[in-house]
Amino acid sequence: MPDINSLEELGSAIGGEAATSDNASVDTASTETAAPAYVQKLDDHGRAYATGKRKDAIARVWIKPGTGKVVINDKEFEKYFARPVLQMVMRQPIVAANRDGQYDIVATVRGGGLSGQAGAVRHGISKALTHFEPELRPVLKKGGFLTRDSRTVERKKYGRAKARKSFQFSKR
């Protein structure tokens, strides 16, 4: 039995030319799958859909080309998010992508408080924008809008007042 020190020698020992052509096809397949190609994902109505999450809030977001109207839970976003900080948080991905006034956004959001809901809508808008225009992905990724903020409230432990707070210690 001959000494085999490389893959080429193994290929020639097993089947000659067929094994080397298989290795070449494997190499080209691995290079093609290295960078995923992002394509536009639209539904039957020409809208892009995405789900955004933050804390305990979950937002379902649809975007389509329009005049810039934003509706959240059947209310204008200025009325739903009354605080300017929450409005600013929700609009960050649109402003970062320079698409202000170009898309109509409809969102339904449940769970959590207003701050978590604003973050969930922001996450959903970012993902929906990448589904509608895949070339916006680097801009939104750099801004950190596509990453789900995984911080949630720590659970309460037994023998404690809250997650970490203890009851008052009594010496006697």
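First things first, this report covers the structure right here in the doc. (Residues numbered from 1 in each chain as written. Predicted model: local features only at pLDDT ≥ 70, side-chain atom pairs only at ≥ 80, totals over all residues. Heavy atoms only, no water.)

### Re the overall build of the chain
As a reminder of what qualifies: Numbering of helices and strands runs from the N terminus; a helix is a DSSP stretch of H or I covering at least four residues, while a strand is a stretch of E covering at least two. Whether a residue is buried, partly exposed or exposed follows from its accessible area with a 1.4 Å probe, protein chains only, as a fraction of its type maximum: under 20%, in between, or over 50%, in that order. Contacts are assigned to residue pairs that have any heavy atoms within 4.5 Å of one another. Computed by Shrake-Rupley with a 1.4 Å probe, the accessible areas treat only the displayed protein chains as cover when residues are assessed.
Of the regular secondary structure elements, the chain holds 6 helices and 5 strands. Going through the 172 residues of the chain one by one, you find that 31% of them count as buried. The contacts of the chain with a sequence gap of at least 6 include a subset with a gap of at least 24, amounting to 66%. Approximately 11,900 Å² of the chain is accessible, and the part contributed by carbon and sulfur atoms is 53%.

### Details of helix α4 (residues 84-96)
Residues lying three or four places apart along an α-helix face the same way, a consequence of the helix completing one turn every 3.6 residues. Spelled out, the test is: What a helix is expected to span follows from its residue count: subtract one and scale by 1.5 Å. Two axes enter the bend calculation: one fitted to the seven residues ending at the residue in question, the other to the seven starting there, and the bend is the angle between them.
With 13 residues, α4 extends 17 Å from end C-alpha to end C-alpha; this agrees with the ideal 18 Å at 1.5 Å per step. Taking the largest bend as the criterion, α4 deviates by roughly 40°, centred on Met 90, and proline Pro 93 comes between one and four positions later. Listing the buried residues of α4 in full gives Leu 86, Gln 87, Val 89, Met 90, Arg 91, Pro 93 and Ile 94. Tucked inside the fold, the buried residues of α4 contact β3 (70-72), α3 (77-80), β5 (103-110), α5 (114-132) and α6 (137-143). Directly after α4, the chain includes Asn 98, whose backbone phi takes a positive value near 60°.

### Description of the layout of surface pockets
Empty space among the atoms becomes apparent when a probe as large as a water molecule is rolled across them. Selection criterion: Buried and open spaces are told apart on a 1 Å grid over the protein atoms alone, a cavity being a set of points where a 1.4 Å probe fits but cannot get out and a pocket being an open set with protein on both sides within 12 Å along at least five of seven lines. Residues with an atom within 4 Å of a point are the lining residues. Grid points are joined across faces, edges and corners, and a volume is the space filled by probe spheres set on the points.
Reported here for the largest pocket is a volume of approximately 200 Å³. Every residue lining the largest pocket is listed: Lys 53, Arg 54, Leu 86, Val 89, Ser 115, Gly 119, Arg 122, His 123, Phe 145, Thr 147, Arg 148 and Asp 149. For the lining of the largest pocket, the secondary structure elements donating two or more residues are β1 (48-54), α4 and α5. It is α5 that contributes the most residues to the lining of the largest pocket, 4 residues altogether.

### Structural notes on the sheet that holds β5
Convention followed: For two strands to pair, DSSP has to find at least two bridges joining them.
What the 5 strands build is an open sheet, ordered β1-β2-β5-β3-β4; its pairing is mixed. A single partner strand is all that each edge strand has here, and the edge strands are β1 and β4 (75-76). Bridge count between β3 and β4: 2 bridges; the pairing is antiparallel. Opposite Ile 72, over in β4, you have Lys 75 as the bridge partner.

### Thoughts on empty space enclosed by the protein
Applicable threshold: The residue classification treats Ala, Val, Leu, Ile, Met, Phe, Trp, Tyr, Cys and Pro as nonpolar and Asp, Glu, Lys and Arg as charged. All others, Gly included, are polar.
The tally for this structure, following the rule as stated, stands at 1 cavity of 30 Å³ or more. Taken as a whole, the largest cavity holds about 80 Å³ of empty space. Contributing to the lining of the largest cavity are 13 residues, with Ile 94, Arg 99, Gly 101, Tyr 103 and Ile 105 lying nearest its centre. Elements represented by at least two residues in the lining of the largest cavity include exactly α4, β5 and α5. Taken together, the residues of the lining of the largest cavity sort by class into 7 nonpolar, 3 polar and 3 charged.

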